[in-house]
Amino acid sequence: MAHSKARAADGKVTYPPGVKEISDKISKEEMVRRLKMVVKTFMDMDQDSEEEKELYLNLALHLASDFFLKHPDKDVRLLVACCLADIFRIYAPEAPYTSPDKLKDIFMFITRQLKGLEDTKSAQFNRYFYLLENIAWVKSYNICFELEDSNEIFTQLYRTLFQVINNGHNQKVHMHMVDLMSSIICEGDTVSQELLDTVLVNLVPAHKNLNKQAYDLAKALLKRTAQAIEPYITNFFNQVLMLGKTSVSDLSEHVFDLILELYNIDSHLLLSVLPQLEFKLKSNDNDERLQVVKLLAKMFGAKDSELAAQNKPLWQCYLGRFNDIHVPIRLECVKFASHCLMNHPDLAKDLTEYLKVRSHDPEEAIRHDVIVSIVTAAKKDLALVNDALLNFVKERTLDKRWRVRKEAMMGLASIYRKYSLQGEGGREASKQISWIKDKLLHIYYQNSIDDRLLVERIFAQYMVPHNLETAERMKCLYYLYATLDTNAVKALNEMWKCQNMLRHHVKDLLDLVKQPKSEASSKAIFAKVMVITRNLPDPGKAQDFVKKLAQVLEDDERIRDQLETLVSPTCSCKQAEVCVRDITKKLGSPKQPSNPFLEMVKFLLERIAPVHIDTESISALIKQVNKSIDGTADDEEEGVPTEEAIRAGLELLKVLSFTHPVSFHSAETFESLLGCLKMDDEKVAEAALQIFKNTGSKMEESFPHIKSVLLPVLQAKAKRGPPRQAKYAIHCIHAMFSNRDTHFAQIFEPLHKGLDPANLEQLITPLTTLGHLALLAPEQFAAPLKSLVANFIVKDLLMNDRIPGKKTTKLWVPDDEVSPETLAKIQGIKLMVRWLLGVKNNQSKSGNSTLRMLTAILHSDGDLTEQGKMGKPDMSRLRLAAACALLKLAQEPCYHEIITLEQYQLCALVINDECYQVRQCFSQKLHRGLCRLRLPLEYLAVFALCAKDPVKERRAHARQCLVKNVNIRREYLKQHAAVSEKLFSLLPEYVVPYAIHLLVHDPDYVKVQDIEQLKEIKESLWFVLEIIMAKNENNSHAFIRKMVENIKQTKDAQAPNDPKTNEKLYTVCDVAMNIIMSKSTTYSLESPKDPVLPSRYFTKPDKNFSNTKNYLPPEMKAFFTPGKPKAANVLGAVNKPLSSAGKQLQSKASRMETANNDDSTSNPSSPQRSKTRYSTYNADTHLGNNDCHSTRGFQIQILVLKSLIPAEMSLSKTLNLNQLQERDKRKHMFPTVIDKASCCHCFQFGRYFVSAST
């Protein structure tokens, strides 16, 4: 060592053998040559070569001089750097350089040379790699730990390495860089913030995207040094997150990006940081919370993340942000849900409750994204979502916003297609989502045309894809129809009917367009345009577009011809696709990518194009039915019993025979239907007969061989078949055969002569057949029919009770338990009515006689002979038959005129019958006649009596019927502005006089001033007025007020001289007036027109008489509570399954008993006899907790026609069950309760369907 110091002191430089002095006096090339020899010498030396170390000490010092460190030539600098690296290796652990400044200069020099690593194609790259390898292996930079400027040296080294790394480097370069940098972190005493920033900056997304290799290098470095660097990372985040010292680092603004990257690299790097995020989730700063939520969404949702399990407090805190007050935060949470469901199914349970709340979020975007999240996960794997999550999507199909409804419907449709139609998830998955098809079709009953159009599109693209081959498409439709629930089947039938109707409207428009131009044709075209417009989205805009289309059809013959082909009954599915494509291509323009007119035309074509059904399709469907009949179909595999499949197939064909009758015109089809007529299943044969009736109009000409076989079958069924088949057989003959009179005579004569009252079971079919012959050919059999009715029907059948009825306390029994005599009497009543409806005149006064007979049946409670032989169920059936017969006759103007007020009132009281099923069925018939605008307006007032019905669902139902009928009439008046002469019979406000008059003659209203009876009157009036006054269109409140005032100036035309009756009339008017005054603020305005009162009900006003007296007792004032009338919000009641059937007694004293519909002896708590009008039943008693539904729209789906709920009604609310219970307790204090099993069958009414216990 002494020699070394001496040698160093004398300053003499010793060069390796063959190497001359290296100085500035030689050329660059020579210097490089000599340095290479020096490099070779140092490269071959090792740490044990003490003599050589001493010999070349001065050379080592010389190479570190500024001459070399600052030499302009890069090759010289590289060779010097390689020498220096070897010198540090050889002289380790003590370097020959003792000056801190010199050490700094040397390491900064070496760092600068490492930049040469960037060019991997350089000739000197191997030397640069050798330099890196050397300093990494020796850990040369660790010498700098003792230097004051070590941080500057390390930072510069890190920056250089991150800058030069690129995709041209192999794994060894990457490894040596990591080794070099990790040794500095792991073996050093500290990591400065500047050095940490140099590493972390490569994780920031912007830098990461610019240099992926630098990111990978930083990632590897952090993984290698996780334990050593973690405290410094924690300190950095603590400074920024907790103390808010953003100035400590330029990376403060990227703190959340860094946390995510660090977590993905190694979660242990953030052990102490994650609790800080929980604190940040509760920050008062919205933006800060949003950033943390976005960060945690990525961390929790990452595929292999276990953060939720490892840090449950943070997970629960994050879930709380689903309820954050800030909308973007809730939105971010909802978006995260799909990733979480897909990557972490075990967290679905935690998410479900929070998604449920968000599915009802007031923000449309959030509700929308809840659907997107659930559907996205379900489409990936149905097992990822539970039934509750799918139900949230189901609920949103009834959302108030179209965007949300559309997303929910399309989401369910795509799920259905994937797992049910394509069968990707197997039979279990298909079974799990089997409800989707029903739910989607139920939506067709919504008021919005957008909803209905989307259902049609979903059906054509997702449920029965129109692009399938014909046989496959029909098979798909066949089994879909067989597995739909009742409501969905009716919806699908309605859809086809609507499309068919629109097809006919377009065909009518084409016919009008082809006519010569005239004022009349222009008006007709405009009227037809308005009709078509109502079947398209946004009718306001669509009107202009349809007008434009009508003009195009006038001008462009080619488009007109293609559209005629499209709406032709003979258009095939393939032809339809070609026509649609050609029309849209012709109307489209490449220069106008957004064309609202073309979009509207596409909507129209989409609705009218027969993309599913044509002759080939019907033939394929028939073959599918035949396969089921032969037992060669896949019925069991599809989960449908063969009998059900056959029946559903025939029902499907029956519906299609209405909408596509021409498609059935093939011998093969008719022959298959003939085979169905011979089957034992009555429903199948009935459907086949109806199909023949709808499609066989040209059978005589086109298929005479079918006719010759079919006629004997029809005649046999008309004479001896089941009643319904006999009915359809007669209608088939009437529709299909030209010489029908001859065929009718061949049927009538033997049946007429063979009627035997002693053989009651054999009477039902002949009476049914004769009744329909009377309807279709009244003139042909005029004389024998009159004799038949007078002598046989009335005298022999109705006026005789041959077989004593069963003694039972039941009021109703199933159809198969009704006695043959009662069934025969019912058919006798129907025969009389059909005969009158066929004749359509009352010249022989037969109408008066029949009406007296029907009212006599009602007067006698159904026991016309009053001998007491009939059982209660039979009496109920006959009361119902008589009441329905009255309604039938009232629909014919010539008979409506002769129905007396007493007969009308007696008929109306059937809606308060003691038997629940009588009330139900009567209401159904009443509603149907009113909806078709066949029954006169006074029959709408009958629903006012339903206010007293003890069954809450019946009251709710009646209210819906009122809403529906009021809406139908108002819509009709809007569309037919020219029917002012019919205003009196159509305007819903004119129901008020009829309701007042009906309540005046209510048998329960006995004491004029009785408070309890007046409260009942008030409830009944409000039951009607609430719906009528929901809209104050054209100042209708003042019009109603004026109408009531005018009634007070008249007398009751039914009893004009009876003071008590007139006092009752004025009292009821005062009740109505007080309701109007308490519920309206505009009643005092001028009436828009002077009301016209029905002269049959009220005398002419006495102009000399001013009736200003108040007839109400003072105590009644307290019962008129002020408040704005609103549309009937009855969904809460309607959406509950009917738990039991209540009963209601008519007002006749002879029927003042309360008996259970089941045997009272089977129930210890059966009600006893009572002299009250209604059965003692509290419908609210049996409503279970699971009966409540708060979702918009129908849980128990509507059946027929459109929604009974007006658009302005808030569908997000339901009736409060407790309030209804309290209200009913105040209204009816019933001492007993009917058993829950009171109902004996399922029934349907309007668009509402409930199942009752059997």
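Residues numbered from 1 in each chain as written. Predicted model: local features only at pLDDT ≥ 70, side-chain atom pairs only at ≥ 80, totals over all residues. Heavy atoms only, no water.

### Considering the overall build of the protein chain
Looking only at helices and strands, one finds 58 helices and two strands in the protein chain. Buried positions account for 56% of the 1254 residues belonging to the protein chain. For the protein chain, restricting intrachain contacts to residue pairs at least 6 apart in sequence, the fraction spanning at least 24 positions comes to 75%. With an accessible surface of roughly 53,800 Å², the protein chain has 50% of that area assigned to carbon and sulfur atoms. (Helix = DSSP H or I, 4+ residues; strand = E, 2+ residues; numbered from the N terminus. Buried < 20%, exposed > 50% of the residue type's maximum accessible area, 1.4 Å probe, protein only. Contact = heavy atoms within 4.5 Å. Areas by Shrake-Rupley, 256 points an atom, 1.4 Å probe, with all protein chains shown as cover.)

### Focus: the environment of His859
Within the secondary structure layout, His859 lies in helix α46 (residues 846-859). Judged by its relative accessible area of 44%, His859 falls in the partly exposed class. The spatial distance from the C-alpha of His859 to the C-alpha of Gln903 is 9.9 Å, given a sequence separation of 44 residues.

### A word on helix α8 (residues 125-138)
Given 3.6 residues to a turn, an α-helix orients residues that are three or four positions apart in the same direction. The end-to-end C-alpha separation of α8 is 20 Å, in line with the 20 Å expected for 14 residues at 1.5 Å each. Looking only at α8, the buried set comprises Phe125, Tyr128, Phe129, Tyr130, Leu131, Leu132, Asn134, Ile135 and Ala136. Taken from the residues just after α8, Lys139 is the one with a positive phi, measuring 60°. (Expected span 1.5 Å × (residues − 1).)

### Some remarks on helix α38 (residues 682-695)
With 14 residues, α38 extends 20 Å between its outermost C-alpha atoms, agreeing within 8% with the 20 Å of an ideal straight helix rising 1.5 Å per residue. Burial runs high along α38: eleven of the 14 residues are buried. Buried within α38 we find Val684, Ala685, Glu686, Ala687, Ala688, Leu689, Gln690, Ile691, Phe692, Asn694 and Thr695. On its buried face, α38 sits against α36 (642-659), α37 (667-677), α39 (699-702), α40 (704-720) and α41 (723-736). The N-terminus of α38 is capped by Asp681, whose side-chain oxygen sits 2.9 Å from the backbone nitrogen of Lys683. (Polar contact = N/O pair within 3.5 Å; in protein donor to acceptor, adjacent residues only side chain to side chain.)

### Some details on the packing of aromatic side chains
This structure, assessed with the given rule, holds 26 aromatic pairs. Ring centres of Trp315 and Phe336 lie 6.3 Å apart, and the angle between their planes is 65°; this geometry places the pair in the edge-to-face category. Of this pair, Trp315 sits in helix α19 (residues 312-320) while Phe336 is found in helix α20 (residues 327-343), placing the two residues 21 residues apart along the sequence. On the accessibility criterion, Trp315 (2% relative accessible area) is buried. Summarising the aromatic geometry, the rings of Tyr318 and Phe322 are spaced 6.3 Å apart at their centres and angled 85° between planes, so their arrangement reads as edge-to-face. The same class applies to Tyr318 as to Phe322, namely buried. Among the aromatic residues, those joined into a ring-pair cluster are Phe300, Trp315, Tyr318, Phe322, Phe336 and Tyr354. (Phe/Tyr/Trp six-rings, centres within 6.5 Å; stacked < 30°, edge-to-face > 60°.)

### Brief notes about the confidence of the model for the protein chain
Residues with a pLDDT of 70 or more make up 88% of the protein chain, whose mean pLDDT is 82. Of the regions scoring below 50 in pLDDT, residues 1-9 engages in ten contacts with residues more than four places distant in sequence or in other chains. (pLDDT = per-residue confidence, 0-100.)

### Comments concerning the side chain of Arg473
Note on placement: Arg473 falls in helix α28 (residues 470-483). Salt bridges are absent for the buried Arg473, whose nearest opposite-charge side chain, Asp614, sits at 4.7 Å. Not counting chain neighbours up to four residues away, the residues in contact with Arg473 comprise Val464, Pro465, His466, Leu468, Cys573, Val611, His612 and Ser617. (Lys, Arg positive; Asp, Glu negative; His and termini not counted. Salt bridge = Lys/Arg side-chain N within 4 Å of Asp/Glu carboxyl O.)

### Concerning the packing of helix α11 (residues 193-200) against helix α14 (residues 226-242)
Where α11 meets α14, the axes come as close as 11 Å, and the angle between the chain directions of the two elements is 95°. Relative to α14, α11 is oriented roughly perpendicular. Residues Gln193, Leu196 and Leu200 of α11 form the contact with α14, whose own contacting residues are Ile229, Tyr232, Ile233 and Phe236. Within the contact of α11 with α14, the residues separate by chemical class into six nonpolar, one polar and no charged. (Axes fitted to C-alpha atoms, helices over the stretch in contact; angles between N-to-C directions. Parallel < 35°, antiparallel > 145°, perpendicular 65-115°, else oblique. Nonpolar A, V, L, I, M, F, W, Y, C, P; charged D, E, K, R; others polar.)

### A few points about the nonpolar core
Grouped together as the largest cluster of nonpolar side chains are 357 residues, with contacts concentrated most on Leu84, Tyr141, Phe237, Ile259, Tyr318 and Ile996. In terms of residue count, the dominant contributor to this core is helix α6 (residues 74-91) (13 residues). Leave out the neighbours within four places in its chain, and Ile996 touches Leu1021, Val1044, Ile1047, Leu1065, Val1068, Cys1069 and Ala1072. Within the second largest apolar cluster, 34 residues are counted, among which are Val529, Ala542, Phe597 and Leu604. (Core = buried A, V, L, I, M, F, W, Y, C linked by side-chain atoms within 4.5 Å.)

### Points about the pattern of salt bridges
Applying the stated criterion across every chain yields a total of 50 salt bridges. Lys102 is the partner of Asp66 in a salt bridge, and the nearest nitrogen-oxygen pair spans 3.5 Å. Of this pair, Asp66 sits in helix α5 (residues 66-69) while Lys102 sits in helix α7 (residues 100-113), placing them 36 residues apart in sequence. Taking relative accessible area as the criterion, Lys102 reaches 22% and is therefore assigned partly exposed. Residues Glu1045 and Arg1041 are paired through a salt bridge, measuring 3.1 Å at the closest nitrogen-oxygen approach. Pair noted here: Glu1045 and Arg1041 are both in helix α55 (residues 1036-1048), with a separation of four residues, about one helical turn. Residue classification places Arg1041 among the buried positions, given a relative accessible area of 12%.

### Some words on a negative patch on the surface
On the surface, Asp46, Asp48, Glu51 and Glu52 cluster together into a negatively charged patch. Mapped onto the elements, Asp46 comes out in the loop between α2 (28-44) and α3 (50-55). Using a relative accessible area of 37% as the deciding quantity, one classes Asp46 as partly exposed. (Patch = residues over 30% accessible without salt bridge, like charges linked within 9 Å, V, L, I, M, F, W, Y side chains within 5 Å. Charge placed at Lys NZ, Arg CZ, Asp CG, Glu CD.)

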